[in-house]
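# Remarks on the overall topology
Letter by letter, the chains look like this.
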Amino acid sequence: MSIQSNSAAGSQTGIHAGIRATIQASDQPLGRDDLARLVARDIAPGSFVNLGIGQPTLVSNYLAPEQNITLHTENGMLGMGPEATGDQIDGDLINAGKIPVTELPGASYFHHADSFAIMRGGHLDICVLGAFQVSATGDLANWHTGAPDAIPAVGGAMDLATGAKDVFVMMTLLTRDGASKLVEACTYPLTGIGCVTRVYTDKAVFLTGPDGVQVRETFGCTLEELQDMVPVPLRAANVDAS
Amino acid sequence: MSIQSNSAAGSQTGIHAGIRATIQASDQPLGRDDLARLVARDIAPGSFVNLGIGQPTLVSNYLAPEQNITLHTENGMLGMGPEATGDQIDGDLINAGKIPVTELPGASYFHHADSFAIMRGGHLDICVLGAFQVSATGDLANWHTGAPDAIPAVGGAMDLATGAKDVFVMMTLLTRDGASKLVEACTYPLTGIGCVTRVYTDKAVFLTGPDGVQVRETFGCTLEELQDMVPVPLRAANVDAS
Amino acid sequence: MLNFIDTVGEAVAGIKDGSTVMIGGFGNAGQPFELIDALLDGGATDLTVVNNNAGQGDQGLALLIKEGRVKKMICSFPRQSDSWHFDAKYRAGEVELELVPQGNLAERIRAAGAGIGGFFTPTGYGTMLAEGKETRYLDGKWQVFETPIHADVALIKALTADGKGNLVYRKTARNFGPIMAAAAKHTIVQVSEIVPTGSLDPETIVTPGIYVNSIVRIDSSGAAAAGKTEQVA
Amino acid sequence: MLNFIDTVGEAVAGIKDGSTVMIGGFGNAGQPFELIDALLDGGATDLTVVNNNAGQGDQGLALLIKEGRVKKMICSFPRQSDSWHFDAKYRAGEVELELVPQGNLAERIRAAGAGIGGFFTPTGYGTMLAEGKETRYLDGKWQVFETPIHADVALIKALTADGKGNLVYRKTARNFGPIMAAAAKHTIVQVSEIVPTGSLDPETIVTPGIYVNSIVRIDSSGAAAAGKTEQVA
C-alpha cells in the first residue's frame, strides 16, 4: 500500500523526499529509528510539539531545521534543543524525562501552571506519546498497567492526551506475547478518551477516530495480514483522510 | 473620646506621634487630608496596600518611608510611586485611575490575571476604598447608584472588596442631604458582603463586623451626638478591638 | 503559524463580521490604536468586543462603537467622563453590555487560554452582577460560577517581538495583552520593534510565540508621540 | 512580613507537626535541598507534602519519607527507578498517596494562590483519577471539578532575591516555585544570591515579594556543586 500524502507532508513537498523514498522501499517492519523518522516527516512546518518520554523522544533526532518545529517540555520551556552533552550539561535545564537538554535561540521559560496552560488550552499542535493500548476510537492507555501491586504514576500524560490538537502514538503493534495493542476497548486504565488521532507502529500507520480505524500505510505486511493481527475492523485510508 | 491604639499604630510606636497629637487635638470634623493622614498612620509597616480611585489616593501622600508600604495598582504593578510630573510622565505607566505614576525601586510588573490573583488570593493586607454606603455588618456599596438611567461600571471594586485582608472605607459620614452613609442595610446595589472592617469618616472612625459597629474615635462630636446622626447602634470600641 | 505583516490593514483583513474581538489595553496604556483604526477601516461589523473599557473620546474603540459596528461590549468599566459614544449607543439600546468585574474579566480570559471550562470565585457574590449565576460554598466562603471568555481574534500591543513571535511588554501597558493572546484563536500584535530571534532573554519573555499569529511593526516614534497626545487628552 | 534569615534551620523552625508543606522542584531542578534537609533535622512530623515526585535516591524528600515524617504525599509521579523509600512506605501502608495529573496539580496550586474555589478541566475525565468527582459538559467537552491545594508552608528555590523579596529563577528550575509561593501561607525561599533592591529589572521579576516571607542565602558554589553531583546520580 502506498504512502498517502497528508497535510503535513503535503505542505512541505520535497523537503523529505529522500526519507520518504527510503520508507516506501521498505517491505520490512520499521525499526524504532525509521518510525521516528516517519513521524518527524509528518509534522507540519512551524508546529509546536511535545514529545513524550521514551520512544517519542527519538523523533527529535529527525526533525529538519527547515521544518522550524518548536519543542515544548512540560516542566516549563518552549524551544528545547537536543540532549546536552559534556560541558553543556546544566542541572537547571532538563526535560520532562529529567534528562539534561539544551536551549535553542528563541526559547522561553515559564512556570508549571503556565506550561500546562499551553497544553490544556489546546495550543500544542501535536503531542507524541507511547502507549500500552489504543482503542479503535482513539482512547489511550499509557500510564498504568492496572496491576494490583503497581504504584501508579501519571505525570503529565493525561494533560498531554487531553490538550494537544493531535495526539500521535508511537508503539510496537504487538506485545511480546503477540497481542495487538490496537484494541476494541482498552483493558488497561485509561489516560484519555477519544484523544488519539494517529498510531505509528512498526507494522503500519493507523488513523483513529469516531469512525473507526483507517490504515494509511503498512510495513512488511499486507492490509489482509495486518487485519489478522488486529482485532478491530480496518480499512484503507482515503487520500484525504488524514 | 480618645484614640485607641490599634495594632498597626502600636507596632510603629513613635513614628507618627506628631501626627497623632494633631488629630487628638482636633475637635473639628476632619478634612480630607487629615483623614488621609490618619489612614496612613494606621497602616502597619511592611503592608501591601491598594488605594482606590479618588479620596483613598490621598493616603499615598502621607505614607512615611519608614513604613515601607508597597502599593499595588490593579492594572499590573507592585511598588507604585507618587504621581508623575513633567518629564516623568509616561503613557505606559499609569495607575488604576489612569493617572501617570512613577515606579519605586523593587517594583514589579505583571499581567492582569496575575494582578487580580494578588487581590483575589487574599495577598493584599489592606485596600482603601470610597463608598456610597456601608452597612453595620460591613456590606459595601460603592459602584452603582442604582438609578434606572445610570450606565453601570464596576471596574475592580468587587475584586478589591472581596480579596483584601482588610477593607478600609474613606467617606464623609453624611450625604449632602444629611443622610448617614453608615446604614442598617445598604439601599444601593452591593459591591461586597461583610467585607468592610473599618470606616474612616470626617466625624468618626468606625469598626464594622458581624458584631455591629464600634466607634474608635470621634472628631468634633461626642458619641451621643454621633449616635443621633447614624441609624445603627454604636458603642465605644474596646482598647483591643481593632 | 506566525506571520510578519507589513501593514495593519493586511493584519486585520481576515476579521469577519460577527467575530468576538479582544482588544488589549487599560486606559491608553497597551491600547493597539493602529490595529483598532485598521479594524474600523476594514469594515467588519456585528462584533462582540472584549476590552476593559468601552471606548474613550473620539478615537479607537469609541469610533467603532459610534459607527455601529459593535453589537456587544464585554467590559468592566464602560462609563467614563469621555465615553459619550458608548453612552449614546447604550441609551439608544443599540449596543448590548455584559458588565464583568475586572478581576472576573481577567480570570475568565485567562481560563479560556488555559483550557479551564469554568471556575468559582468569591468576587461579585451577593451582588446584582451575580444574579442568576450558580453559587457554591467553597473554602469557607460563597463563590460564584464563572465561565471562560473565548475570542476569535485578539488585537494587542507589545513592545518587542523576536523572529519566533515571543513578546515583551512595557510597564503597565502589559495589562491584558498576555492573557488575551492566549485566549483568542488568532492573535494579532502591534509592536514597536522586531529583533532577531535569540535577542530576547528566554527568562524574560512574557508571551511565548506559540500564542502569536500575526505581527506588525508600528513606527515607534510615531506611536510614542500618539501615546503622549492621547495621554494628555 | 519579609525576613532575611541566616540559616536554613532558623528558616524552617516554625513548621509545625501536621503541616501541609509544598516543596518546589521537578527532578532535581529547583529542589530546595538545603531547606528539605533542615526540615528533616527540625523534626516536624505528620506532614502532608506536595511535590511533583515522592523523593528520589537517599536524599531530601526521600529521607523525609523514609523517616516516617510524611503522612501523605500529593504528587503526580511517585514511582521512579530510585523512589525506593516511597515505594516501601507505600507498600507498607505507611504513607497515603493522592495521585494528581501534573497539570491538575499545577492548576490546583495556582487556584489556591489566585483565590479560585474550584474549576472544571477536561484532564482526567473518564479515567480512574476522576472517579467519584463531579463532572460537567462545558465548552464542548466533559470536564472534571478540581479544588485548590492550599499549604501552610512552601519551600522553594530561586536564583536571586532583592531586598523586597522579589525573585527570579533559572531555566527549568522555575517550575513549581512561583505558584507554590502564592499558594502557601508562609513561603520560605533559598536563593543563591541576594541583591540590593532596585537591581532587578521590574519587567523580569517572576515572583513579586508579596508572596515571599523568609529568604535564606545558600552558598551558590556549594549549591551548584551539589546540583551537579545529584544530576549525575
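Residues numbered from 1 in each chain as written. Chains lettered and ligands numbered in written order. Predicted model: local features only at pLDDT ≥ 70, side-chain atom pairs only at ≥ 80, totals over all residues. Heavy atoms only, no water.

To continue, consider the environment of Val 215 of chain B. All names here are of chain B. Relative to the elements of secondary structure, Val 215 occurs in strand β12 (residues 213-218). Residue Val 215 is classed as buried on the basis of its relative accessible area, which comes to 0%. Expressed as a C-alpha distance, the spacing of Val 215 and Leu 226, which sit 11 residues apart in the sequence, is 9.3 Å. (Helix = DSSP H or I, 4+ residues; strand = E, 2+ residues; numbered from the N terminus. Buried < 20%, exposed > 50% of the residue type's maximum accessible area, 1.4 Å probe, protein only.)

All names here are of chain B. Along strand β1 (residues 48-51), one buried face is formed by Phe 48 and Asn 50 and the opposite face, lined by Val 49 and Leu 51, is buried too. One ladder, built from three bridges, connects β1 with strand β2 (residues 70-73); its direction is parallel. Along β2, the bridge assignment pairs Phe 48 with Thr 70. (Pairing = 2+ DSSP bridges.)

Here we take up the sheet that holds strand β6 (residues 133-135) of chain A. Residue and element names in this part refer to chain A. One open sheet holds the three strands; their spatial order is β7-β6-β9, and the pairing between them is mixed. The open sheet has two edge strands with one neighbour each: β7 (140-141) and β9 (182-183). Pairing analysis gives two bridges linking β6 to β9, with the strands arranged parallel. Each bridged residue has a counterpart across the sheet, and for Ser 135 the counterpart in β9 is Val 183.

Before going further, it helps to spend a moment on the interface of chain D and chain B. Counting from both sides, the interface comprises 19 residues of chain D and, opposite them, 21 residues of chain B. By the criterion of area lost to chain B, the three top residues of chain D are Lys 164, Pro 202 and Ile 210 of chain D, representing 39% of everything that side buries. Taken together, chain D and chain B are joined by zero salt bridges. Viewed at the interface, chain B and chain D are joined by four residue pairs in polar contact (both at pLDDT 80 or more). Across the side of chain D that touches chain B, the residue classes tally to nine nonpolar, six polar and four charged. (Contact = heavy atoms within 4.5 Å. Buried area = accessible area lost by both parts, 1.4 Å probe. Salt bridge = Lys/Arg side-chain N within 4 Å of Asp/Glu carboxyl O. Polar contact = N/O pair within 3.5 Å; in protein donor to acceptor, adjacent residues only side chain to side chain. Nonpolar A, V, L, I, M, F, W, Y, C, P; charged D, E, K, R; others polar.)

Now for the packing of helix α4 (residues 112-120) of chain B against helix α5 (residues 102-114) of chain C. The interhelical angle for the contact between α4 of chain B and α5 of chain C, taken along N-to-C directions, is 125 degrees, at an axis separation of 9 Å. The angle between α4 of chain B and α5 of chain C falls in the class oblique. Of the two elements, α4 of chain B crosses α5 of chain C, and the hand of that crossing is left-handed. In contact with His 112, Ala 113, Phe 116 and Arg 120 of chain B of α4 of chain B, α5 of chain C contributes Gln 102, Gly 103, Asn 104, Ala 106, Glu 107 and Arg 110 of chain C. Looking at side-chain class alone, the contact of α4 of chain B with α5 of chain C contains three nonpolar, four polar and three charged residues. (Axes fitted to C-alpha atoms, helices over the stretch in contact; angles between N-to-C directions. Parallel < 35°, antiparallel > 145°, perpendicular 65-115°, else oblique. Left-handed = near helix turned anticlockwise from the far one by under 90°.)

Attention shifts here to the sheet that holds strand β6 (residues 118-121) of chain D. Here we have six strands laid out as an open sheet, ordered β7(C)-β8(C)-β6(C)-β6(D)-β8(D)-β7(D), and antiparallel in their pairing. Strand pairing shows two members of the sheet lacking a second neighbour, β7 (135-138) of chain C together with β7 (135-138) of chain D, which therefore form its edges. Between one strand and the next, the sheet's axes are offset by a mean angle of 30 degrees, whatever the strand orientation. With three bridges joining them, strand β6 (residues 118-121) of chain C and β6 of chain D adopt antiparallel strand pairing. Bridging from a neighbouring strand, Gly 118 of chain C pairs with Phe 120 of chain D of β6 of chain D.

Next up on the list: the interface of chain A and chain D. With 39 residues of chain A in contact, the opposing surface of chain D contributes 45 residues. Interface of chain A and chain D: buried area, both sides summed, is about 3,500 Å²; carbon and sulfur atoms make up 61% of it. Counting the surface chain A buries against chain D, the share from its top three residues, Asp 92, Lys 98 and Ile 151 of chain A, is 21%. On the surface where chain A and chain D come into contact, there are three salt bridges. Run the count over chain A and chain D and you get 23 residue pairs in polar contact (both at pLDDT 80 or more). Listed by contribution, the elements that provide at least two residues to the side of chain A that touches chain D are β4 (101-109), α4 (112-120) and α5 (157-163) of chain A. Considering only residue class, the side of chain A that touches chain D consists of 20 nonpolar, 11 polar and eight charged.

All names here are of chain A. Within the secondary structure, Thr 73 is located in strand β2 (residues 70-73). Residue classification places Thr 73 among the buried residues on the basis of a relative accessible area of 2%. Engagement of the side chain of Thr 73 in a polar contact is seen with the side chain of Asn 75, the distance being 2.5 Å. Discounting residues that sit within four places of it in the chain, Thr 73 has contacts with Asn 50, Met 80, Ile 94, Asn 95, Ala 96 and Ser 115.

In this section: the confidence of the model for chain A. When the pLDDT values of chain A are averaged, the result is 88; 88% of them are 70 or greater. In this model residues 1-25 of chain A is a low-confidence stretch, pLDDT under 50, and it forms 46 contacts with partners more than four residues away in sequence or in other chains. (pLDDT = per-residue confidence, 0-100.)

To continue, consider the environment of Glu 67 of chain D. In this fold, Glu 67 of chain D is placed in the loop between α3 (60-66) and β4 (70-75). Once the C-alpha coordinates of Glu 67 of chain D and Gly 43 of chain D are considered, the two residues, 24 residues apart in sequence, prove to be 9.9 Å apart.

Before going further, it helps to spend a moment on the pattern of salt bridges. All names here are of chain A. Evaluation of the coordinates by the stated rule reveals 42 salt bridges over all chains. Where Asp 42 meets Arg 41, a salt bridge forms, and the shortest distance between an N and an O atom there is 2.7 Å. There is no split in this pair, since Asp 42 and Arg 41 are both buried. Look at the salt bridges and you will find they share partners, linking Arg 41, Asp 42, Arg 198, Arg 216 and Glu 217 into a network.

It is worth spelling out the packing of aromatic side chains at this point. For the structure shown, the criterion picks out 14 aromatic pairs over all chains. Plain terms: the ring middles of Phe 120 of chain D and Phe 145 of chain D are 5.1 Å apart, the flat faces sit at 45 degrees to each other, and that makes the pair tilted. With Phe 120 of chain D in strand β6 and Phe 145 of chain D in strand β8 (residues 141-146), the pair connects residues that are 25 residues apart, well separated along the chain. You'll find Phe 120 of chain D and Phe 145 of chain D in the same group, each marked buried. Members of the aromatic cluster, each reached through a chain of ring pairs, are Phe 120 and Phe 145 of chain C together with Phe 120 and Phe 145 of chain D. Between the NZ or CZ atom of Lys 98 of chain A and the centre of the ring of Phe 26 of chain D, over which it lies, the distance is 5.0 Å. The ring of Phe 145 of chain D is capped by Arg 136 of chain C, whose NZ or CZ atom sits 4.8 Å from the centre of that ring. (Phe/Tyr/Trp six-rings, centres within 6.5 Å; stacked < 30°, edge-to-face > 60°. Lys NZ or Arg CZ within 6 Å of the ring centre and 35° of its normal.)

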